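For reference, the chains in residue letters:
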Amino acid sequence: MYGGGGSSFNSRGVHDDGTKPGPSPHSQGVLAALQVVRYPTLPSLEQFKSVDVQVGGRLFQQVPLKVRTELWTNLTNQTLTGRDSAMRYPGLQAQVVSSKACGEIQKDIPRTFPDVPGFDDSAGQRRLMRILRSYCALDPEVGYCQGMNFVAGLLLRYLPCEANAFAAFCVLMRDRNYRELFHPSMAHLKARMAQLEAKLPASVASRLRRCQIPPELYAPQWLLSCFGNEFPTTFGARVIDDLLAGRGGRLAADTLLAVAVEIFVAIDFGGVAEDFESTLRAVREAPRAWGERQLSEVLTRALG
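Owing to the predicted nature of the structure, the values given are computational and were not obtained by experimental measurement.

Conventions adopted
Residues numbered from 1 in each chain as written. Predicted model: local features only at pLDDT ≥ 70, side-chain atom pairs only at ≥ 80, totals over all residues. Heavy atoms only, no water. Axes fitted to C-alpha atoms, helices over the stretch in contact; angles between N-to-C directions. Helix = DSSP H or I, 4+ residues; strand = E, 2+ residues; numbered from the N terminus. Parallel < 35°, antiparallel > 145°, perpendicular 65-115°, else oblique. Left-handed = near helix turned anticlockwise from the far one by under 90°. Contact = heavy atoms within 4.5 Å. Nonpolar A, V, L, I, M, F, W, Y, C, P; charged D, E, K, R; others polar. Salt bridge = Lys/Arg side-chain N within 4 Å of Asp/Glu carboxyl O. Buried < 20%, exposed > 50% of the residue type's maximum accessible area, 1.4 Å probe, protein only.

All right, on to the packing of helix H10 (residues 233–245) against helix H11 (residues 252–266) then. Look at H10 against H11: their axes get within 10 Å of each other, and the N-to-C directions meet at 140°. Here H11 runs oblique to H10, going by the angle between their axes. In the packing of H10 onto H11, the handedness of the crossing is right-handed. Contacts between H10 and H11 pair Phe235, Val239, Asp242 and Leu243 from the former with Ala252, Thr255, Leu256, Val259 and Ile263 from the latter. Class assignment of the residues belonging to the contact of H10 with H11 gives a composition of 7 nonpolar, 1 polar and 1 charged.

In structure tokens:
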């Protein structure tokens, strides 16, 4: 699991001891410990009067927010999983969930978009809690894993109907197989990280190898949160436009990897010292300085 808002990351647990990452060629087969927080983004990038919406390969810019709400609702309702999940949602809320899962969820709720309106109050946090608990009841094999809180939070930003948000979450997890990345074995996540490493531009991949920076130090935070922990919610929402559409039968991981590759393409390593700390800092911090235009261009290349 990986943590948001001050927690750290390992293969399936959370540590709050402040451990910092060190050079580790392959992390000895275990996901490396890493301090991860939800980095507040520029308020101008978190506005919702109008949004850019990805519909298939086309981008519709500055359309009313309700367009995304209607798009996500329609895409969800077109699926059997979506309709069935919405119908079952009230009953799932009443089911018993393990105390361990409940504890993990309660720990992560305040860490989910604390800088974004709607998640800094008890009502919004209760909605998020109910969705995550209900999915635990629906899919006990996977249960709850950190990162799900950001994905569900992104859905709640645009789907005011809680049952619709839960249904869309289930479509992502089950129909688009997003759940493979959250499986307790982490086998699929590790395989997808290896694929990402192989897809990177040769110059970037070579630099990361020389600096001994494995994908465990950057990929899980992006992939498991749908880029929600380090990018504006508007960025992750446009990724979800594509995930819910499932164009060409693409799975969630396929789209997420495409976006991750384009992020690396856009990072300017010029002037960055070629060592572990400087290179990792560039990977983690450079995208936070990007404005709306550059963020949009990254997504257009990945999703267009």
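Here the narrative resumes.
Within the secondary structure layout, Arg192 lies in helix H7 (residues 187–199). Not counting residues up to four positions away in its chain, the partners in contact with Arg192 are Glu180, Leu181, Leu251, Ala253, Asp254 and Leu257.

Evaluation of the coordinates by the stated rule reveals 17 salt bridges. A salt bridge links Arg127 to Glu162; the nearest nitrogen and oxygen atoms lie 4.0 Å apart. Highlighted residues: Arg127 in helix H4 (residues 122–138) and Glu162 in helix H6 (residues 162–175), separated in sequence by 35 residues. By relative accessible area, Arg127 is classed as partly exposed at 22%. Under the relative-accessibility criterion, Glu162 is labelled buried at 14%. Put simply, Asp242 and Arg250 hold a salt bridge, and the shortest N to O gap is 2.8 Å. Where salt bridges share partners, they join Arg127, Arg130 and Glu162 into one cluster.

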